[in-house]
Amino acid sequence: MSRADVLVPADWAEENLNSPGVVFVEVDEDTSAYDGGHIAGAVKLDWKTELQDSVIRDFVSKDKFEALLSAKGISNDDTVVLYGGNNNWFAAYAYWYFKLYGHDSVKLLDGGRKKWELDGRELSKDEVSRPATDYKAKDQDLSIRAFRDETIAAIGNKNLIDVRSPDEFSGKLLAPAHLPQEQSQRGGHIPTALNVPWSKAANEDGTFKSDDDLRKLYVDEAGLDTAKDTIAYCRIGERSSHTWFALHELLGEQNVKNYDGSWTEYGSLVGVPIEKGV
Amino acid sequence: MCGAPAQTPTLPPHVDITKETVIYGTVSLGDAPVPAAYVRLLDGTGEFTAEVVTSATGDYRFFAAPGEWTLSVLHKDGSVRKAVVALEPGLIEVPLTIS
């Protein structure tokens, strides 16, 4: 797999807005952003109400995912191009989610909404409607998803990458600084985790750094052991999806999992070890 | 959940400013507020901590902690960086003018 298989630049996107078989999908942390203007023809996915079960803390079931994509007019054969705000945090999360349910062709728009806007490219407020499809998902691919017990067992055995900001890693903050400081019961990080903030994988305009720069970041500077399996985590699994994308999709590292329970789960568990400080 | 709160001039009702260090303000160009500007909060080492997009009225807001911070703004019409020192929890207003 190469970078061109999983990532498209804004120029390519602009040239392919009306290409048959290409569906643009916007997923934002701020779920109202789409309504203020979106890439022409793009459909909206709401990560809170459509990608998360409203009762259980988990993804929607395979059946519900099939119904969701069918209603959005996305077919199994479509190439889905995901983009969103906050440097593609939730677009990367949705990318990982699509892979989890086995969608064949899915790509990220490099730089997401931010690059598109900084370029001064056009946004539309037109309502988008696509004919319904009969989407069929596969069973979840658990080779890319880590759960609590596997993460605890990974302490000292696998690469654990905490992709939150240094102040969250140290326990000074419990949440990203654009959110009120609430949620997990304890601050800190999983013992033996490396702190490689997701932001180090991106340029200031939200695009991903080059493969050479990414390898230097994770392997040379942070000390990622490429002979070992890797689990990435953040607070709820969206920033770690961004890092999972960099490691698994761009660098081609195998056996990389995203722990979507992340710190809101781990930091509230009874009795598990936690480290504070840097 | 992790959804971004609306970037409004008034705080959400549950925020306790005796515990939270809230850095907030308006991004402007000349006398006009700038919506859809990207405002980054960098920590004392210059590391990215968080980013928000300004509201229709140019407002931004961060829930940080006491310490030294830098605000960095990007917009298609300009940019600006500004240092902030937060000595204790409370409200810290930092107007930002891009050029």
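Fair warning: this is a prediction, and the values are worked out from it, not measured in the lab.

## Concerning the overall build of chain A
Looking only at helices and strands, chain A features 10 helices and 10 strands. For chain A, the C-alpha radius of gyration of 18 Å lies close to 19 Å, the compact-globule estimate for 278 residues. Judged by the C-alpha coordinates and their principal axes, chain A covers about 50 × 40 × 35 Å. Counting all 278 residues of chain A, 56% fall into the buried class. By sequence separation, contacts in chain A at least 24 residues apart represent 76% of the contacts at least 6 residues apart. Surface exposure of chain A reaches about 11000 Å², of which carbon and sulfur atoms provide 45%.

## Structural notes on the pattern of salt bridges
All names here are of chain A. Summed over the entire model, instances satisfying the criterion amount to 26 salt bridges over all chains. Close ionic contact of E253 with R215 constitutes a salt bridge, the shortest N to O distance being 3.1 Å. Within this pair, whereas E253 is found in the loop between α9 (239–250) and β10 (256–259), its partner R215 is found in helix α8 (residues 211–221), the two being separated by 38 residues in sequence. Exposure remark for E253: the relative accessible area of 14% places this residue in the buried category.

## As for α8 of chain A
All names here are of chain A. Listing the buried residues of α8 in full gives L214, L217 and Y218. Projected down its long axis, α8 carries its buried residues within an arc of 75°, all on one side. Exposed side chains of α8 directed beyond 90 degrees from the buried face belong to D212, D220 and E221. On the buried face of α8, the contacting elements are α1 (3–6), β7 (159–162) and α9. Where α8 ends, the next residue or the one after it, G223, has phi of about 90°, a positive value.

## Here's the deal with the environment of G271 of chain A
All names here are of chain A. Within the secondary structure, G271 is located in the segment after α10 (262–266). For G271, a relative accessible area of 78% translates into the label exposed. Linking G271 and P166, residues 105 residues apart in sequence, is a C-alpha distance of 24 Å.

## Here's the deal with the packing of aromatic side chains
Residue and element names in this part refer to chain A. Under the defined criterion, the tally for this structure stands at 20 aromatic pairs over all chains. Seen from their ring centres, F59 and Y97 are 4.6 Å apart, and the 55° between their planes marks the pair as tilted. On the criterion of sequence distance, the pair formed by F59 in the loop between β3 (43–44) and α3 (62–72) and Y97 in helix α4 (residues 85–100) is long-range, its members being 38 residues apart. When sorted by exposure, F59 lands in the same class as Y97, which is buried. Relative to F245, the ring of Y95 lies with its centre 4.8 Å away and its plane at 85°, an arrangement referred to as edge-to-face. Of this pair, Y95 sits in helix α4 while F245 sits in helix α9, and the two are 150 residues apart along the sequence. Both residues of the pair, Y95 and F245, belong to the buried class. Put simply, the rings of W47, F59, F65, F90, Y93, W96, Y97, F98, Y101 and Y135 pair up and form one aromatic cluster. Between the NZ or CZ atom of R121 and the centre of the ring of W116, over which it lies, the distance is 5.6 Å.

## Considerations on the confidence of the model for chain B
All names here are of chain B. Averaged over every residue, the pLDDT of chain B is 87; residues scoring 70 or more account for 89%. Summarising per-element confidence for chain B, the mean pLDDT is lowest in strand β4 (residues 48–53) (90) and highest in strand β9 (residues 96–97) (97). Quick note on the complex model: pTM equals 0.89, ipTM equals 0.78.

Conventions adopted
Residues numbered from 1 in each chain as written. Chains lettered and ligands numbered in written order. Predicted model: local features only at pLDDT ≥ 70, side-chain atom pairs only at ≥ 80, totals over all residues. Heavy atoms only, no water. Helix = DSSP H or I, 4+ residues; strand = E, 2+ residues; numbered from the N terminus. Rg over C-alpha atoms; globule rule 2.2 N^0.38 Å. Buried < 20%, exposed > 50% of the residue type's maximum accessible area, 1.4 Å probe, protein only. Contact = heavy atoms within 4.5 Å. Areas by Shrake-Rupley, 256 points an atom, 1.4 Å probe, with all protein chains shown as cover. Salt bridge = Lys/Arg side-chain N within 4 Å of Asp/Glu carboxyl O. Arc of directions from axis to C-beta. Phe/Tyr/Trp six-rings, centres within 6.5 Å; stacked < 30°, edge-to-face > 60°. Lys NZ or Arg CZ within 6 Å of the ring centre and 35° of its normal. pLDDT = per-residue confidence, 0-100.

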